[in-house]
Amino acid sequence: MSGPRVLLLGVGNLLWADEGFGVRCIEAFDAAYELPAEVELMDGGTQGLYLVHHIGAAERVIVFDAVDFGAAPGTLMVVRDDDVPRFIASSKMSLHQAGVSDVLACADLLGRKPAQITVIGAQPVELEDYGGSLTPTIRALLPRALALAVAELRAWGIEVRPRQQP
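Student: Please clarify how the sheet that holds strand β6 (residues 116–122) should be interpreted in this entry.
Tutor: For sheets, the rule is that strands pair by backbone hydrogen bonds, running either parallel or antiparallel. Spatially, β3-β1-β4-β6-β5 is the arrangement adopted by the five strands of the open sheet, whose pairing is mixed. Every interior strand has two partners, whereas the edge strands, β3 (39–45) and β5 (76–80), have only one. Neighbouring strand axes in the sheet, compared pairwise and without regard to direction, differ in orientation by 15° on average. In the sheet, strand β4 (residues 60–66) pairs with β6 via seven bridges, with the strands oriented parallel. Bridge pairing links V63 to V119 in β6. Packed on one face of the sheet, helix α1 (residues 21–32) meets β1 (6–11), β3, β4, β5 and β6 and runs near 130° to β1. Where helix α6 (residues 142–155) meets the sheet, its contacts fall on β1, β4, β5 and β6, and the angle it forms with β4 comes to roughly 170°.

Student: I would appreciate a short explanation of empty space enclosed by the protein in the present structure.
Tutor: Any empty space left between atoms is shown by rolling a water-sized probe over those atoms. Following the criterion strictly, the structure yields one cavity of 30 Å³ or more and no others. What the largest cavity holds in volume is close to 30 Å³. Lining the largest cavity, in full, are L14, A17, G20, R24, G132, S133 and L134. Split by residue class, the lining of the largest cavity holds three nonpolar, three polar and one charged.

Parameters at a glance
- Residues numbered from 1 in each chain as written.
- Predicted model: local features only at pLDDT ≥ 70, side-chain atom pairs only at ≥ 80, totals over all residues.
- Heavy atoms only, no water.
- Pairing = 2+ DSSP bridges.
- Helix = DSSP H or I, 4+ residues; strand = E, 2+ residues; numbered from the N terminus.
- Axes fitted to C-alpha atoms, helices over the stretch in contact; angles between N-to-C directions.
- Contact = heavy atoms within 4.5 Å.
- 1 Å grid on protein atoms, 1.4 Å probe; cavity = no way out; pocket = protein on both sides within 12 Å on 5 of 7 lines; lining within 4 Å.
- Points joined across faces, edges and corners; volume = space filled by probe spheres on them.
- Nonpolar A, V, L, I, M, F, W, Y, C, P; charged D, E, K, R; others polar.

The structure is reproduced here in structure tokens:
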């Protein structure tokens, strides 16, 4: 298998308020932590099916995303492995979510499904603010979301170190 062993992927649309949570997580993670070469950080934006190759090349994937879990706004959830498709496809908020579930299905059909996948998702507060930034409630979740990803990576045996200089 070529490509990175582990992929940290942020998906979302920065133009729709809290929908940009995943991309903002990747930016914050990159600013805060150093990772070994076998880990790739990727801003997946709204690329959808264009991400099949990247997800299929990884053995393990962590996805940051704004997801409608049906929970209270501002709830942070972690979903793993076989539970992921059910939560990602349960309530689509935008085109990129259809893409994430489609990407996972395509990778599976191609025999390139990652051995492990974790979604760290935030229940959005606001999506209708076109051109707006993350709401304060969702922005406040970033440190916890990053800590969850660091814990997951370390559980997978990946060395994660704080950056000396962001």
